[in-house]
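As a plain string of letters, each chain reads:
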Amino acid sequence: MEEDFLKAETATTTAKEPKHLFRLYRRLFLLVFAVAVLWQGLLLVDTRLAQYYRDLENTFKVILTAPGKTDNASLEQWGESLNQKQDIVSVKLFSPQDGLEVVRRQNPQLAESLLLMGKNKMPAYFELKLTPQTFGNMRPFMDNLAAEYDELSIHYNAQHADLVFYTGVCSKLLRLVMAFALLLFLGFMFLVEAYPVRGGKSHVWGGAVSGLLAGIASCLFIGVLVYPTGLLQEVMHTFTTPEKQLLVFVFCTLFGWTLSKWQKF
């Protein structure tokens with residue numbers, strides 16, 4: 001009688017195991033899917049923030065205008081002196097005619113107004129591009145530049161410089177946070193893999209498959225969010241790259257594989 005009872009209990013436990021495993025995969029999928037969606041959002045913000053920072057940096061320029069009656073020898077001397085400074089990436093000299101052509105391309109009406117005032121009203125000027133490190137110390141750098149080249153008039157947008165600096169700081173901090181979070185995930189996976197399991201299978205291939213499906217689902221979810229904006233065709237090169245998506249899929253697969261051994265959720 002007791003043996004029959006034990007057999008019946010064992011059969012009941014065996015019958016319940018598939019249902020338990022199915023719920024385990026479902027929970028695993030939801031957990032990996034939530035983590036993957038967060039990664040997709042971080043990658044999206046990181047891509048756009050880095051592009052925004054590059055655009056801001058490339059469009060920032062410092063203009064040094066020369067006095068009206070300046071000979072070519074003085075202009076060349078100033079240009080050589082500016083080129084020797086470590087904080088300056090490039091120096092371009094524009095004659096009054098070159099400067100007028102630049103203004104004509106950007107603002108034809110302003111160019112016509114300058115012509116009405118006279119061709120000599122457009123001064124020669126230097127266009128400077130600075131190193132990224134200079135943006136954090138812009139005002140003292142400009143004060144030193146103005147003191148050294150007192151005959152030149154300095155023109156720059158201070159708010160633009162501040163925006164470049166703070167955007168660059170935010171971009172670097174975001175990447176550091178992402179790298180640290182990835183390191184923590186890898187540490188968690190290592191600890192789970194290093195923990196010995198007695199008896200039974202330590203891993204289930206279904207966990208890796210569920211993790212991969214969660215990664216694919218997160219990519220589709222971002223596509224659904226972007227679709228109403230009309231930018232779905234540009235999403236691969238505007239918001240992400242195939243290489244980043246491949247890394248997300250690999251991470252989700254390994255994460256699902258690790259969670260199938262952990263089984264504490």
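Residues numbered from 1 in each chain as written. Predicted model: local features only at pLDDT ≥ 70, side-chain atom pairs only at ≥ 80, totals over all residues. Heavy atoms only, no water.

*Asks:* I keep staring at the layout of surface pockets and nothing clicks. Help me out?
*Replies:* A water-sized probe, rolled over the atoms, reveals where empty space remains. Of the voids in this model, the largest pocket is the one considered here, and its volume is about 330 Å³. At the level of elements, helix H1 (2-59), helix H6 (158-194) and helix H9 (242-262) are the ones that each hand at least two residues to the lining of the largest pocket. Of the residues contributing to the lining of the largest pocket, the split by class is twelve nonpolar, no polar and three charged. (1 Å grid on protein atoms, 1.4 Å probe; cavity = no way out; pocket = protein on both sides within 12 Å on 5 of 7 lines; lining within 4 Å. Points joined across faces, edges and corners; volume = space filled by probe spheres on them. Helix = DSSP H or I, 4+ residues; strand = E, 2+ residues; numbered from the N terminus. Nonpolar A, V, L, I, M, F, W, Y, C, P; charged D, E, K, R; others polar.)

*Asks:* What is the right way to read helix H5 (residues 138-148) from this model?
*Replies:* Residue pairs spaced three or four apart in an α-helix point in one direction, given the helix's 3.6 residues per turn. Turning to H5, its buried residues are Met-138, Phe-141, Met-142 and Leu-145. End-on, the buried residues of H5 take up no more than an arc of 95°, which puts them together on one face. In H5, those exposed residues whose orientation departs by more than 90 degrees from the buried face are Asp-143, Asn-144 and Ala-147. In the core, the buried residues of H5 are packed alongside strand E1 (62-65), helix H2 (72-83), strand E2 (88-94), strand E3 (125-130), strand E4 (153-155) and H6. (Buried < 20%, exposed > 50% of the residue type's maximum accessible area, 1.4 Å probe, protein only. Arc of directions from axis to C-beta. Contact = heavy atoms within 4.5 Å.)

*Asks:* Help me understand the nonpolar core in this model?
*Replies:* In summary, soluble globular proteins display a tendency toward joint burial of nonpolar side chains. Leu-64, Leu-82, Phe-126, Leu-128, Leu-130 and Leu-145 are the most contacted members of the largest nonpolar core, which has 24 residues in total. Within the residue set of this core, elements represented by two or more residues are H1, E1, H2, E2, E3, H5 and H6. When residues in this core are grouped by element, the largest group, four residues, is from H5. Ignoring any residue separated from it by four or fewer positions in sequence, one finds Leu-145 in contact with Leu-64, Leu-82, Lys-85, Leu-128 and Ile-154. Val-32, Met-189, Val-248 and Leu-259 belong to the second largest nonpolar core, which has 15 residues in total. (Core = buried A, V, L, I, M, F, W, Y, C linked by side-chain atoms within 4.5 Å.)

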